[in-house]
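# Analysis of the macromolecular model
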Amino acid sequence: MALAVILHLLMRRFEDTYRHKGLRMQLVKVLKEKGITDEKVLQAITNVPRHYFMDSAFDKIAYEDRAFPIGEGQTISQPYTVAYQSQLLEIKPYEKILEIGTGSAYQAVVLAEMGAQVFTIERQKKLFDSNKAFHLLKNYPNIKLFYGDGFEGLPTYAPFDKVIITAAAPFVPPKLVDQLKAGGKMVIPVDEGSHQRMKRITKNTDGSITEELFDYFSFVPMLGGKQNGN
Ligand code: SAH
C-alpha cells in the first residue's frame, strides 16, 4: 500500500494534466498582454511543462509569471524574461545557440522546442549533474550540456549563430563575441548598478558591433570560474 502511494506521488511529479495545460494557456495570455508577440516563442511556452523543472512543492504556482528557487542559491527565470530573451534572439530552425547559465534548463528546452541546437554551460556542478539525470532532457537530443565557465564559451563548438546569457553580466565577455558568427546576435543582461539592461549585440559582417538597448531586468550574477559544490 505504502509503495503504491509513493509510486502514485512519483508519477504525479511527472504528470502533465489538463489543469497544468490550462494554466500554461493562461500564462501565455499574460505574456501576450506584456508584449510578447513571437508565435514560436508563445508556442514553445505552451508546449513545455514548466512544473517539471521545479520542486513538486511549487507545482501549484509553477505557472505564475515569477522566478523560483531551484537550489544552490539559483533561480528558474521568470517566464516573461525567458520569452523576452527568446524573442530578441529571433531564432530560426537549426541555428546553433550558446546559452550561459543552464540553471533549471527551462530556457534551454524552450529554445530547443523552437528548433534550435542548444549548447548550454553551467558553472555549478550540482546543477549540471542534476540536469544530466533529468529525464525530460533525454527527449531533446538537440540540447548539449556542459560544465564550465561561461566567460570562456565553447571555442571547440564555435562559431554560434546566437548567444544568450541568462545571468547578470558585469560586461560583454569578449570571448563570447569572438565565438559569434558574422551576422550573429547576442542577448545579454549587463549590470548597471542594482539591475541589468538587456542588450542585443549584433556582430556585423565587417567584424564591427552594433548594440541595441532594451528593458531593465534583475538576474542572479554571472560569476567567473567553476563551482564544484563539494
Ligand atoms: N537559464 C536558467 C536561468 C538560471 S539562473 C533557467 O532557465 O533556469 C543563472 C544560472 O547561471 C545559474 O544557474 C548560475 O549558476 C549560472 N551561472 C552564473 N555564472 C555563470 C558562468 N560564468 N558560467 C556558467 N553558468 C553561470
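Scroll up to find the structure.
Parameters and conventions
- Residues numbered from 1 in each chain as written.
- Predicted model: local features only at pLDDT ≥ 70, side-chain atom pairs only at ≥ 80, totals over all residues.
- Heavy atoms only, no water.
- Salt bridge = Lys/Arg side-chain N within 4 Å of Asp/Glu carboxyl O.
- Helix = DSSP H or I, 4+ residues; strand = E, 2+ residues; numbered from the N terminus.
- Buried < 20%, exposed > 50% of the residue type's maximum accessible area, 1.4 Å probe, protein only.
- Near = heavy atom within 4 Å.
- Polar contact = N/O pair within 3.5 Å; in protein donor to acceptor, adjacent residues only side chain to side chain.
- Areas by Shrake-Rupley, 256 points an atom, 1.4 Å probe, with all protein chains shown as cover.
- Pairing = 2+ DSSP bridges.
- Axes fitted to C-alpha atoms, helices over the stretch in contact; angles between N-to-C directions.
- Core = buried A, V, L, I, M, F, W, Y, C linked by side-chain atoms within 4.5 Å.
- Contact = heavy atoms within 4.5 Å.
- Parallel < 35°, antiparallel > 145°, perpendicular 65-115°, else oblique.
- Left-handed = near helix turned anticlockwise from the far one by under 90°.

Once that is clear, we can look at the pattern of salt bridges. Taken as a whole, this structure holds 13 salt bridges when the rule is applied. Residue Asp65 pairs with Lys34 through a salt bridge whose shortest N-O separation is 2.5 Å. Of this pair, Asp65 sits in the loop between helix H3 (39–47) and strand S1 (68–71) while Lys34 sits in the loop between helix H2 (18–33) and H3, and the two are 31 residues apart along the sequence. Taking relative accessible area as the criterion, Asp65 reaches 16% and is therefore assigned buried.

We now examine the site of the ligand. What surrounds the ligand is a group of 27 residues, the closest being Gly101, Ser104, Glu122, Gly150 and Leu223. Glu99 places a side-chain nitrogen or oxygen 3.0 Å from a nitrogen atom of the ligand. Take Gln107: an N or O atom from its main chain is 3.1 Å from an oxygen atom of the ligand. Relative to its unbound accessible area of 580 Å², the ligand is 99% covered by the protein chains. Elements supplying a minimum of two residues to the shell around the ligand: strand S2 (74–76), strand S3 (96–100), helix H5 (106–113) and strand S4 (117–122). It is S2 that provides the largest number of residues to the shell around the ligand, a total of 3 residues.

This part takes up the sheet that holds S4. Taken in spatial order, the 7 strands of this open sheet run S5-S4-S3-S6-S7-S8-S9, and their pairing is mixed. With one partner strand each, in any of the chains shown, strand S5 (143–147) and strand S9 (209–217) form the two edges of the open sheet. Across the sheet, the mean angle separating the axes of adjacent strands is 15° when strand polarity is ignored. Pairing of S3 with S4 involves 5 bridges; the strand directions are parallel.

Judged by nonpolar contacts, the single largest core of 47 residues is most densely connected at Leu31, Ile36, Ile45, Phe53, Tyr106, Leu111 and Ile143. Apart from the residues lying within four places of it in its own chain, the contact partners of Leu111 are Ser86, Leu89, Ile91, Ile97, Ala116, Val118 and Ile164. Of all hydrophobic cores here, the second largest spans 20 residues; its members include Phe151, Leu154, Ala167 and Leu180.

Turning next to the packing of helix H4 (residues 79–89) against H5. The N-to-C vectors of H4 and H5 enclose an angle of 40°; their axes lie 11 Å apart at closest approach. For the element pair H4 / H5, the angle class is oblique. Note on packing geometry: the crossing formed by H4 with H5 is right-handed. Here H4 contributes Val82, Gln85, Ser86 and Leu89 to the contact with H5, which in turn contributes Tyr106, Gln107, Val110 and Leu111.

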